[in-house]
Amino acid sequence: MYDYDLLVVGSANADLVIGVERRPAAGETVLGSDLAVHPGGKGANQAVAAARLGARTALLARVGDDAHGRLLLDSQRAAGVDTAGVLAGGAPTGVALITVDPSGDNSIVVSPGANGRLTPADVRAAEKLLRASRVVSAQLEIPLETVVETVRCLPSGSRFVLNPSPPVPLPAEVLAACDPLIVNEHEARVLLGEAAGPEPEDWARALLALGPRSVVVTLGAAGALVADGGGSARVAPVKVAAVDTTGAGDAFTAALAWRLGAGASLAEAAAYAARVGAAAVTREGAQVSFPTAEEVGAL
């Protein structure tokens, strides 16, 4: 038996959000809305999203000993996430500067702060947490060597899910552990370079050739594509009126990882995750927008 359905190893940031009529060009200043501060970070977002859906969830992350760190811890605990693996100190809490335009699209700049101090030694010290988790997910807002150590410490029988964001070239041992590797178009093209073909099916085939056991390509309003050794399939989009896309990819990843751990097929898990992501974009903010299982069922 596992104590946790999902362990998220990743980042925790304070999201500083400003609404703008349009995003500024180089050298340009634009006026925006009042500043809003929300708990965020890809790792913390995924943990909250999974817990809201009913998954037994834990987070391994690092925050600063400051007001933003306390905001993040309070948000995790309010959602029901086990924060025993959240370490404090070493640097200020990470911060994401986010602009959101009227269509709901966003641009993000991240100052990693304490996220950059989550080390391989921290992963090794959390061995009991990893052993207690059915699925382990990670992103790349923490040092790559920490993700590598997570793969090396992964217990037999646990599943590893990776969203390589922001994308960088990945070691073969990390790629081989991914089941699935979850990418959007930008991430797929960065990982593949000149090998990227014109269609999502081309990206999926090329990514599988790099070593992952399975691949999911998120396509925004066009849905998603899932692929493994048995072939590929499209996942239909869920039509909603988008308000803010911040955190939608994290909600998708968390829902997918949880449903896979519960025994769903890749296509089934992705279809459920698409509904979760769609529900998230109908509200402003990241963690505050994540739906409960009941809200997803009503969508």
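Reading guide: rules and limits
Residues numbered from 1 in each chain as written. Predicted model: local features only at pLDDT ≥ 70, side-chain atom pairs only at ≥ 80, totals over all residues. Heavy atoms only, no water. Helix = DSSP H or I, 4+ residues; strand = E, 2+ residues; numbered from the N terminus. Rg over C-alpha atoms; globule rule 2.2 N^0.38 Å. Buried < 20%, exposed > 50% of the residue type's maximum accessible area, 1.4 Å probe, protein only. Areas by Shrake-Rupley, 256 points an atom, 1.4 Å probe, with all protein chains shown as cover. Disulfide = S-S within 2.5 Å. 1 Å grid on protein atoms, 1.4 Å probe; cavity = no way out; pocket = protein on both sides within 12 Å on 5 of 7 lines; lining within 4 Å. Points joined across faces, edges and corners; volume = space filled by probe spheres on them. Nonpolar A, V, L, I, M, F, W, Y, C, P; charged D, E, K, R; others polar. Contact = heavy atoms within 4.5 Å. Pairing = 2+ DSSP bridges. Axes fitted to C-alpha atoms, helices over the stretch in contact; angles between N-to-C directions. Polar contact = N/O pair within 3.5 Å; in protein donor to acceptor, adjacent residues only side chain to side chain. Expected span 1.5 Å × (residues − 1). Salt bridge = Lys/Arg side-chain N within 4 Å of Asp/Glu carboxyl O.

1. Considering the overall build of the chain
Of the regular secondary structure elements, the chain holds eleven helices and 13 strands. Its C-alpha radius of gyration of 18 Å places the chain within 12% of the 19 Å reference for a compact globule of 299 residues. Considered along the principal axes of its C-alpha atoms, the chain spans approximately 50 × 45 × 40 Å. In the chain, which comprises 299 residues, the proportion classed as buried is 54%. Summed over all atoms, the accessible surface of the chain reaches about 12400 Å², with 54% contributed by carbon and sulfur.

2. Re the state of the cysteines
In this structure the tally under the stated criterion is zero disulfides. Take Cys 153: it sits in no disulfide, and the sulfur closest to it among the cysteines is that of Cys 178, at 16 Å. Under the relative-accessibility criterion, Cys 153 is labelled partly exposed at 27%. Using a relative accessible area of 0% as the deciding quantity, one classes Cys 178 as buried.

3. Describing the layout of surface pockets
Computed from the structure, the largest pocket encloses a volume of approximately 1500 Å³. Residue lining of the largest pocket: 50 residues in total, with Asn 106, Asn 184, Thr 245, Ala 248 and Gly 249 positioned closest to the centre. Contributing elements (two or more residues each) for the lining of the largest pocket: strand S2 (13-19), helix H1 (42-53), strand S6 (94-100), strand S7 (106-111), strand S10 (178-183), helix H7 (185-192), helix H9 (248-261) and helix H10 (266-280). Looking at the lining of the largest pocket element by element, the count peaks at five residues for H9. Per-class residue counts for the lining of the largest pocket are 25 nonpolar, 17 polar and eight charged.

4. Side note on the environment of Gln 46
Of note, Gln 46 is situated in helix H1. Ignoring any residue separated from it by four or fewer positions in sequence, one finds Gln 46 in contact with Val 8, Ser 137, Gln 139, Asp 250, Thr 253 and Ala 254.

5. So, the sheet that holds S6
Across the sheet, which stays open at both edges, the four strands sit in the order S3-S2-S6-S7 with mixed pairing between neighbours. A single partner strand is all that each edge strand has here, and the edge strands are strand S3 (36-40) and S7. Across the sheet, the mean angle separating the axes of adjacent strands is 25° when strand polarity is ignored. Of the pairings in the sheet, the one linking S6 to S7 comprises six bridges and is antiparallel in character. Looking at S7, one finds that Ala 96 is bridged to Val 110. Those strands touched by helix H2 (residues 67-79) are S2, S3 and S6, and its axis lies near 60° from that of S3.

6. Some words on the side chain of Glu 141
Along the chain, Glu 141 falls in the loop between strand S8 (133-138) and helix H5 (144-152). Only 2.5 Å separates the side chain of Glu 141 from the side chain of Ser 11, close enough to count as a polar contact. Among the polar contacts made by the side chain of Glu 141, one reaches the main-chain amide nitrogen of Lys 42 at a distance of 3.2 Å. Setting aside chain neighbours within four positions, we find Glu 141 in contact with Ser 11, Asn 13, Gly 41, Lys 42, Val 110, Asn 115, Ser 165 and Pro 166.

7. Describing the sheet that holds strand S11 (residues 214-218)
Spatially, S5-S4-S1-S8-S9-S10-S11-S12-S13 is the arrangement adopted by the nine strands of the open sheet, whose pairing is mixed. Looking at strand neighbours, the two that pair on one side only are strand S5 (86-88) and strand S13 (231-235), the edges of this open sheet. With strand direction ignored, the average angle separating the axes of adjacent strands in the sheet is 15°. Pairing geometry for S10 and S11, over three bridges, is parallel. Considered in S11, the bridge of Leu 181 is made with Val 215. Most of the contacts of H7 go to S10, to which it runs at about 110°, and overall it touches S10 and S11.

8. Concerning H9
Taking 1.5 Å of rise per residue, 14 residues should cover 20 Å, and H9 covers 20 Å from first to last C-alpha, within 8% of that figure. Here H9 lies mainly inside the structure; twelve of its 14 residues are buried.

9. So, the pattern of salt bridges
Tallied over the entire structure, the rule returns 13 salt bridges. Of the charged contacts, one joins Lys 42 and Asp 250 as a salt bridge, the two residues approaching to 3.4 Å between their closest N and O atoms. Taken as a pair, Lys 42 in helix H1 and Asp 250 in helix H9 lie far apart in primary sequence, 208 residues in all. Neither residue differs from the other here; Lys 42 and Asp 250 are each classed as buried.

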